[in-house]
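Listed here are the chains, written in short residue letters.
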Amino acid sequence: MNSSIDSRSKLLLGEDFGKIKLYKIAVIGLGGVGSIIPLSLVRSGITKLILVDGDKVEITNLNRQIAYTRDDIGKFKSEVLKEKLFSIREKIDVQSYPLMIDEKFEFNVFKDVDYLIDCIDDLKAKVLLAKFCSENDINYISSMGTGNRLNPEKLSVVKLNKATGDPLARKFRYLLKRENVDLSKVDVVFSSEEPIVRGKKVSSMVFVPNVAGLLLSSFVLRKLIAGE
């Protein structure tokens, strides 16, 4: 077999690998959880991505956000990641939007995606995304809180109505109920670990956010390959 970036992936997935390049995935929020997702998806064979994040790289990001280095400080995360993706795989289609999600965002850019992965912390924005996906029959999954935690073994994918003990999930459930979104159809990655510390400023290290991101990538690819 000829060696290529995809040689080992094809050994694992066989004929299913051919499906991957057909999928288009949107990743919203490119911080602790989201920054590793485009890197893992492109390495896995995904060639069509939408990246959305209005933040710029800061020095405090570097302790946990694997995608960035000191050279990236001050640059928009979406643009930095787009450039890094092309350094991994040349023939890809990446749309990057250095914007925040709010009522003014043009949500129709997501209408042709096969999956949307929400990794943002802003609850209002999360609700806007969930409502749009629900109303337009778009597959999506959301990340719940990963800050103030240290043990990635406590992460799992569940339905939102089963994500107990997570303050972000609790607020998210409340707001989605008000929008009449069926919670039993909303997949989330959440941690059952009790927060180690509490406070207005969220603490975080590299372990939990990045494992959550890889869990999201794996879950989405497996769902798409299975045709679910």
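Residues numbered from 1 in each chain as written. Predicted model: local features only at pLDDT ≥ 70, side-chain atom pairs only at ≥ 80, totals over all residues. Heavy atoms only, no water.

### Structural notes on the environment of D166
Secondary-structure assignment places D166 in the loop between β6 (155–159) and α6 (167–178). On the basis of relative accessibility, which here comes to 1%, the residue D166 falls in the buried class. In this structure the C-alpha to C-alpha distance between D166 and V206, which are 40 residues apart in sequence, comes to 19 Å. Not counting residues within four places of it along the chain, the set of residues in contact with D166 comprises M144, G145, R149 and F190. (Helix = DSSP H or I, 4+ residues; strand = E, 2+ residues; numbered from the N terminus. Buried < 20%, exposed > 50% of the residue type's maximum accessible area, 1.4 Å probe, protein only. Contact = heavy atoms within 4.5 Å.)

### Looking at the nonpolar core
One broad trend across soluble globular proteins is that nonpolar side chains are buried collectively. Judged by nonpolar contacts, the single largest core of 37 residues is most densely connected at I25, L41, L49 and I117. Elements that contribute at least two residues to this core include exactly α2 (17–20), β1 (24–28), α3 (36–43), β2 (48–52), α4 (77–88), β4 (115–118) and α7 (207–225). Among the elements that line this core, the one with the most residues is α7, at eight residues. Contact partners of I117, with chain neighbours within four places excluded, come to I25, A26, V27, I28, I37, L41, I141, L216 and V220. Formed by 34 residues, the second largest nonpolar core is a distinct cluster that contains A26, L116, V158 and F190. (Core = buried A, V, L, I, M, F, W, Y, C linked by side-chain atoms within 4.5 Å.)

### Some words on unusual backbone geometry
Only a minority of non-glycine residues have a phi that is not negative, and only a minority of peptide bonds are not trans. Its identity as a non-glycine residue notwithstanding, N148 has a phi of 65°, on the positive side. Position of N148 relative to the elements: it lies in the loop between β5 (140–143) and β6. Using a relative accessible area of 13% as the deciding quantity, one classes N148 as buried. A positive phi angle, close to 60°, is found at N180, a residue other than glycine. Tracing the sequence through the fold places N180 in the loop between α6 and β7 (187–191).

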